[in-house]
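# Inside the fold
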Amino acid sequence: FKRPKIALIGGGQIGGVLAQLCALRELGDVVMYDIVEDMPQGKCLDIAEASRVDGFDVEVKGTNDYKDIEGADICIVTAGLPRKPGMSRDDLLTTNANIIKTVAENIKQYAPDSHVIVISNPLDAMVTLMREVTGFPHNRVYGQAGVLDSSRFASFIAWELGVSVKDINALVLGGHGDTMVPLVRYANVNGIPVMELLERKYGDAAKAKEVMDAIVERTRKAGGEVVALLKKGSAFYSPASSAIAMAEAVLRDQKRVLPVCAWLDGEYGVNGMYLGVPVILGANGVEKVIELSLNDEEQAMLDNSVNAVKKLIEDMKRLGFL
Ligand code: APR
């Protein structure tokens, strides 16, 4: 019996939290690759030396050699630059596309049977490029964005209603950018529609809508809110937690229903494109895309998001990446 092997490509802010969470949950042995010499080795040694205190029996090792990712079951990719204040995720396109291309070539060479979870931004474009360069089947290449966007949406709803976030179900569709689509109509507290609870709280439908509009807007801009506060770099704890939830669903074949940046082949009226949608995530990666019936307003917002992602894909084609 062998423990699963998890390769983390990129050992920066998110990569470090990923490694620690993999260890704490004993998801498998971890190898962290980064181009910066000695840094991943140092970070991993630091995490591994807490094994007695935290009580985990997995290896955590850093490397500057892609050969060490050989045999990985899952690669989680965070290589690339994060945003600085005032930047949009799309501003990272050229720099990160160059990095992801190299990363993808090496994953293809050294871990040809692995699943790949991409976190690097602009997310939808980087997942597309990863899949194109590796040539892996679409169900094995997917991106983390929706789990985090939905967790942010759920957190804001819980804080507003003063109830446990564990009872909130809230879903965000679409691309990982300002056009993302928080689905208000489907948001609920243990089955009770959120809008009904907001209307009870305020005794006024118009006020309830105003409060929800503000939550939706905050959700769309939540990444930027953190960037503005951190000043150097972007969110890292929550993206790492979100990707670990996805990795765990795959490694433990949980068949979880999670919003994932997945390949669409006609679903939602979208043909041949990566986009954030709910899927069943299990041992075969994206096992099924779950379609929801959207009303006209929701469909229009999704179409808008599709167009924003299409624009990024066009830019990548123009720049010769695709
Ligand atoms: N190969 C491997 N690693 C690389 C490469 C490369 N070619 N180029 C850069 N890196 C590494 C950097 O050395 C750094 O350690 O990627 C790491 C990125 O870490 P951070 O700068 O700390 O960024 P982080 O906050 O982890 O975010 C990474 O995820 O959410 C997205 O927008 C975010 O694109 C960014 C990515």
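Everything numeric in this text was worked out from a predicted model, so none of it was measured.

## A short note on the overall build of the protein
Tallying secondary structure elements over the protein gives 11 helices and 14 strands in all. For 322 residues, the compact-globule formula gives about 20 Å, and the C-alpha radius of gyration of the protein, at 19 Å, lands near that figure. If one aligns the C-alpha atoms of the protein with their principal axes, the spans along those axes are about 60 × 50 × 40 Å. Buried residues in the protein amount to 52% of all 322 residues. By element, 50% of the accessible surface of the protein is carried by carbon and sulfur atoms, the whole surface being about 14700 Å².

## Here we look at helix α5 (residues 123–134)
Given a rise of 1.5 Å per residue, 12 residues ought to cover 16 Å, and the 16 Å separating the end C-alpha atoms of α5 matches this to within 8%. Most of α5 is tucked away, with 11 of its 12 residues classed as buried. All of the buried residues in α5 are Leu-123, Asp-124, Ala-125, Met-126, Val-127, Thr-128, Leu-129, Met-130, Arg-131, Val-133 and Thr-134. Gly-135, located one to two residues past α5, shows a positive phi value of around 70°.

## Description of the pattern of salt bridges
Once the charged atoms of two side chains with opposite charge are near each other, the side chains can pair. For the structure on display, the rule yields 19 salt bridges. Of the charged contacts in the structure, one is a salt bridge between Lys-201 and Glu-160, with a shortest N-O distance of 2.8 Å. Here the residue Lys-201 occupies a position in helix α7 (residues 194–202), and Glu-160 occupies one in helix α6 (residues 146–161), the gap between them amounting to 41 residues. On the basis of relative accessible area, Lys-201 is assigned to the partly exposed category, the value being 44%.

## Focus on the pairing of strand β2 (residues 29–33)
The element β2 is largely enclosed, with a buried count of five among its five residues. Going residue by residue along β2, you find Asp-29, Val-31 and Tyr-33 tucked away on one face and Val-30 and Met-32 tucked away on the opposite face as well. Here five bridges tie strand β1 (residues 5–9) to β2, and the two strands are oriented parallel to one another. By the bridge assignment for β2, Lys-5 is matched with Asp-29. With helix α1 (residues 13–24) bridging β1 and the parallel β2, this β-α-β connection has right-handed handedness.

## Regarding the site of the ligand
In the region of the ligand, 20 residues are neighbours, and Gln-13, Ile-14, Asp-34, Leu-81 and Asn-121 sit closest. Between Ile-14 and the ligand, the recorded distance is 2.9 Å, taken from a backbone N or O atom to an oxygen atom. Between Asn-96 and the ligand, the recorded distance is 3.4 Å, taken from a side-chain N or O atom to an oxygen atom. Cavity membership is defined here by more than half of the atoms lying within 2 Å of grid points; on that basis the ligand lies in the second largest pocket. Elements represented by at least two residues in the shell around the ligand include exactly α1 and α4 (93–110). Taken together, the residues that form the shell around the ligand break down as 11 nonpolar, eight polar and one charged.

## Considerations on the layout of surface pockets
Reported here for the largest pocket is a volume of approximately 940 Å³. Those elements giving two or more residues to the lining of the largest pocket turn out to be α6, β7 (168–169), α9 (222–230), α10 (237–251) and β12 (256–265). For the lining of the largest pocket, the leading source of residues is α6, giving nine residues. The residue inventory of the lining of the largest pocket, partitioned by class, reads 21 nonpolar, eight polar and seven charged. Reported here for the second largest pocket is a volume of approximately 750 Å³. For the second largest pocket, the lining is made up of 39 residues, of which Thr-78, Ala-79, Gly-80, Leu-81 and Pro-82 are closest to its centre. Elements represented by at least two residues in the lining of the second largest pocket include exactly α1, α4, α6 and α9. With five residues, α4 is the largest single contributor of residues to the lining of the second largest pocket.

## A closer look at unusual backbone geometry
Most peptide bonds take the trans form, and the phi angle of most residues other than glycine is negative. The peptide bond linking Asn-121 to Pro-122 adopts the cis configuration, its omega dihedral lying at -5°. A positive phi angle, near 45°, is found at Glu-26, a position not held by glycine. Overall, Glu-26 belongs to the partly exposed group, its relative accessible area being 36%. Of note, Lys-255 is a non-glycine position whose phi angle comes to about 55°, a positive value. The topology assignment puts Lys-255 in the loop between α10 and β12.

## Digging into the side chain of Thr-128
Structurally, Thr-128 is set in helix α5. Its relative accessible area of 11% is what places Thr-128 among the buried residues. In this view, Thr-128 contacts Tyr-274, Ile-313, Met-316 and Leu-322; residues no more than four positions away in its chain are not counted.

How each quantity is defined
- Residues numbered from 1 in each chain as written.
- Predicted model: local features only at pLDDT ≥ 70, side-chain atom pairs only at ≥ 80, totals over all residues.
- Heavy atoms only, no water.
- Helix = DSSP H or I, 4+ residues; strand = E, 2+ residues; numbered from the N terminus.
- Rg over C-alpha atoms; globule rule 2.2 N^0.38 Å.
- Buried < 20%, exposed > 50% of the residue type's maximum accessible area, 1.4 Å probe, protein only.
- Areas by Shrake-Rupley, 256 points an atom, 1.4 Å probe, with all protein chains shown as cover.
- Expected span 1.5 Å × (residues − 1).
- Salt bridge = Lys/Arg side-chain N within 4 Å of Asp/Glu carboxyl O.
- Pairing = 2+ DSSP bridges.
- Right-handed = clockwise from strand over helix to strand, strands pointing away.
- Near = heavy atom within 4 Å.
- Polar contact = N/O pair within 3.5 Å; in protein donor to acceptor, adjacent residues only side chain to side chain.
- 1 Å grid on protein atoms, 1.4 Å probe; cavity = no way out; pocket = protein on both sides within 12 Å on 5 of 7 lines; lining within 4 Å.
- Sits in = over half its atoms within 2 Å of the grid points.
- Nonpolar A, V, L, I, M, F, W, Y, C, P; charged D, E, K, R; others polar.
- Points joined across faces, edges and corners; volume = space filled by probe spheres on them.
- Contact = heavy atoms within 4.5 Å.

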